[in-house]
Amino acid sequence: MTRTLLRSAAYLDVAAGEIVHDDVLIDGEIIGSGTEADETVDCRGSLLVPGFIDCHTHVALTATLGQDPLDLPRSARALSAVPVLRTLLSLGITTVRDAWGADAGLRLAVERGWIDGPQLLISLRQVGTTGGIGDHWSPATGPIDLTSDPSMPNPVFDGPDEARAAVRRMVRAGADWIKAAVTGSIRSDSKHDVQFTPEEMQALVAEAASRRRSVMVHAHGARGAELAARAGARSIEHGVFLDEAAVAAMVEHDTFYVPTLSAIGSPEHLHSVRLALEAGVPIAMGTDNPVTPHANALNEITLLASAGLGAVGALRAATLHAAQLLQLDDRGEIAVGKRADLVLLDGDDLSVDNLAGRIKAVWRNGRRFR
C-alpha cells in the first residue's frame, strides 16, 4: 500500500470548526499516523477538507429530465450516469446518495472500478401511493412506466401491507435506502398534500428498519414532513414549507434535514432553513441535481452558507453531518483511522465561494483521482 504524506497541511477540523496545521498521512485507504511515506505532497498555501458528500442527487436522470424519454432506449439512463459520476468525483464529491434513478449495476460498476465515481448509495425508485409523484399515469394510455425493469421495481402501493411489500421489492433489488414521496412535486397543486396515511408511513419505516435500511422522505409541505418525522424517517428532503410543528417533530425524532436549496431556494425555503437551524435540526448537503447541472454541485455549499449556516456550517453539512445522516462513521472528517476521502483546495481560507475553481487534488479511499 502506498503511503502519501500531505506535508504542512492546513486542514479543517469540521467538528470543532477550526483549522489545524499539521501533516496528514494517507496510509493506503485510511488516514494514518506518522511521517514515513513513499511520496510527499506539499500542501503549503492550501486547505485540506474531507471529501464532500451529496445526500440527494440523481446521477442517472440527466438524459431524461426535461426531455421526452420515449425517444431514448432504456440503456441511455445508465450510460448517461458515467460522465456525471466522473464529474462529481472531480469536484471532490466522494460519496453520493442517489435519490432515485440509479440501479445496482451502476453501484457495482463504481465498486469494481469499471467507471470512476463517488461511492454510490442507491434508493432505486421513490415509493408512493396511487396518484403520487412516483405513479406515472396518463388518461390516454393508463400506466406509463419508462423506468421499470427487473432492477427497478414497481414503487406504487396502497395500505400498510403494500407499503411493506414495496420496501421488500426495493431491498430485493439492492436498495441501500428507501425513498418515499409523501407529498407531490413542488410544481404541482399537491405539494402540500399528505399522500400517506400514518399507518402506511409507520409500516414503511418499520419494514425498512427490519431490513436494516433507513427512509429518506420527499416532503415539501409541513404536514407531510411532520408525519414522516414522527414515524421515524431518517431525513426530510426539500422541506420547502416547514413550520414550527414540523421542525419540533424533527428535533424530537432526531430527523435530519436535506434542504436541496439548489433546486428551489425560494423565500419560504430559506425560512424553513432558518427555522431548522434555530431549533438545532442537523442539516446535510443535497443538491437534487440535475435540476441544476451536476457540474454546479458545490454551489449548494455556498447556498447553505448564505442561508445561515456560514462557511464552517456549510462545510460541516457537506462532510460530517452528511456522513452522520448516512450512518457512515468511517468518513466525514480528517482523523486517524477515517477513510482517506480528501479534497485539497487552493488557498488556506474558509471561503466557500467558487469551491470548484479552488480544487487542486481529490483522493477517494486513498486513491488520487485528480
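Residues numbered from 1 in each chain as written. Predicted model: local features only at pLDDT ≥ 70, side-chain atom pairs only at ≥ 80, totals over all residues. Heavy atoms only, no water.

## A closer look at the overall build of the chain
Here is the rule we go by: Runs of E in the DSSP output that reach at least two residues are strands. Runs of H or I that reach at least four are helices, and both are numbered from the N terminus. Just to be clear, the radius of gyration here is over C-alpha atoms, and the globule rule we use is 2.2 Å times residues to the power 0.38. Relative accessibility thresholds used throughout: buried, under 20% of the residue-type maximum; exposed, over 50%; partly exposed, between the two (1.4 Å probe, protein chains only). A 1.4 Å probe and the Shrake-Rupley method give the accessible areas. Residues count as covered only by the protein chains that appear here.
Broken down by element type, the chain carries 11 helices and 19 strands. Here the C-alpha radius of gyration of the chain, 20 Å, is about what a compact globule of 370 residues would show, namely 21 Å. Principal-axis analysis of the C-alpha atoms places the extent of the chain at approximately 65 × 45 × 35 Å. A total of 370 residues make up the chain; the buried ones form 55% of that total. Total accessible area on the chain stands at roughly 14700 Å², and carbon and sulfur atoms take up 49% of it.

## Some thoughts on the sheet that holds strand E9 (residues 126–129)
The condition that has to hold: Pairs of strands are assigned from DSSP output, requiring at least two bridges between the strands. The contact definition used throughout considers only heavy atoms, calling two residues in contact when any of these lie within 4.5 Å. Here an angle of 0 to 180 degrees is reported between the N-to-C directions of two axes, which are lines fitted to C-alpha atoms, with helices fitted over the stretch in contact.
On the basis of which strands lie adjacent, the open sheet formed by 6 strands has the order E12-E9-E13-E14-E15-E16 and parallel pairing. The strands lining the two open edges of the sheet, one partner per strand, are strand E12 (156–157) and strand E16 (256–258). Sitting on the sheet, helix H5 (residues 198–210) is in contact with E9, E12, strand E13 (177–181) and strand E14 (214–221), with an inclination near 150° to E14.

## What about the side chain of His269?
Put simply, the rule is: In the analysis that follows, any N or O atom pair within 3.5 Å is treated as a polar contact, provided that within protein one partner can donate a hydrogen and the other can accept it, and provided that, for residues neighboring in sequence, both atoms belong to side chains.
Tracing the chain through its elements places His269 in helix H8 (residues 267–279). A polar contact of 3.0 Å, which involves the side chain of His269, links it to the backbone oxygen of His238. Setting aside residues no more than four positions away along its own chain, His269 makes contact with His238, Gly239, Val240, Tyr257, Pro259, Thr260, Leu261 and Ile264.

## Some words on the packing of H8 against helix H9 (residues 299–317)
This is how it is decided: With respect to orientation, any angle under 35 degrees is reported as roughly parallel, any angle over 145 as roughly antiparallel, any angle of 65 to 115 as roughly perpendicular, and every other angle as oblique. When residues are sorted by character, Ala, Val, Leu, Ile, Met, Phe, Trp, Tyr, Cys and Pro go into the nonpolar class, Asp, Glu, Lys and Arg into the charged class, and all the rest, Gly among them, into the polar class.
Axis separation between H8 and H9 bottoms out at 10 Å; the angle between their running directions is 40°. In terms of orientation, H8 lies oblique with respect to H9. Contact with H8, carried on its side by Leu270, Val273, Arg274 and Leu277, involves Ala307, Gly308 and Leu309 of H9 and no other residues of that element. Of the residues in the contact of H8 with H9, the class split is 5 nonpolar, 1 polar and 1 charged.

## Structural notes on the environment of Arg107
One can find Arg107 in helix H3 (residues 104–111). With residues near it in sequence (within four places) discarded, Arg107 still touches Leu120, Ile122, Gly174 and Asp176. Within the structure, the side chain of Arg107 is placed 2.7 Å from the backbone oxygen of Gly174, a separation counted as a polar contact.

## Section: the environment of Arg164
Examined against the element boundaries, Arg164 turns out to sit in helix H4 (residues 160–172). For Arg164, a relative accessible area of 28% gives the class partly exposed. It is 9.7 Å that separates the C-alpha atoms of Arg164 and Gln202, two residues lying 38 residues apart in sequence. Apart from residues no more than four positions distant in its own chain, Arg164 is found in contact with Ala203, Ala206 and Glu207.

## Observations concerning the pairing of strand E15 (residues 235–241)
Two faces make up the sheet, and in a regular strand the side chains alternate between them. The cut-off we apply is this: Consider the strands pointing away from the viewer: the crossover is right-handed when the path from the first strand over the helix to the second runs clockwise.
Within E15, 6 of the 7 residues are buried, which leaves it mostly tucked inside the rest of the structure. Where E14 and E15 come together, 5 bridges link them in parallel fashion. The residue of E15 that forms the bridge with Gly221 is Phe241. This β-α-β element, E14 to helix H6 (residues 222–231) to E15, shows right-handed connectivity.

## Details of the environment of Asp353
Relative to the elements of secondary structure, Asp353 occurs in the loop between strand E17 (342–346) and helix H11 (355–358). Taking the C-alpha atoms as reference points, Asp353 and Pro282, separated by 71 residues in sequence, lie 22 Å from one another. Beyond its immediate chain neighbours, meaning those up to four positions away, Asp353 contacts Thr302 and Arg358.

## A short note on the packing of aromatic side chains
Here is the rule we go by: Within 6.5 Å between ring centres, the rings of Phe, Tyr and Trp (the latter by its six-membered ring) count as paired, and their orientation is classed by plane angle as stacked under 30 degrees, edge-to-face over 60, tilted in between. Over a ring means this: the NZ of a Lys or the CZ of an Arg is within 6 Å of the ring centre and within 35 degrees of the ring normal.
Scanning the model with the defined rule gives 1 aromatic pair in all. Summarising the aromatic geometry, the rings of Phe157 and Phe196 are spaced 5.2 Å apart at their centres and angled 80° between planes, so their arrangement reads as edge-to-face. Linking Phe157 in strand E12 with Phe196 in the loop between E13 and H5, this pair joins segments that are 39 residues apart in sequence. A relative accessible area of 1% places Phe157 in the buried class. The ring of Trp177 has Arg97 sitting right over it, with the charged end atom 4.5 Å from the ring centre.

## Observations regarding the pattern of salt bridges
Cut-off, in case you're wondering: Only one rule defines a salt bridge in this text: a Lys or Arg side-chain nitrogen within 4 Å of an Asp or Glu carboxyl oxygen.
Taken as a whole and assessed by the stated rule, the structure comprises 17 salt bridges. For Arg77, the salt bridge identified is with Asp149, shortest N-O distance 3.6 Å. With Arg77 in helix H1 (residues 75–79) and Asp149 in the loop between strand E11 (142–143) and E12, the pair connects residues that are 72 residues apart, well separated along the chain. Across the salt bridge formed by Arg358 and Asp349, the nearest N and O atoms sit 3.7 Å from each other.

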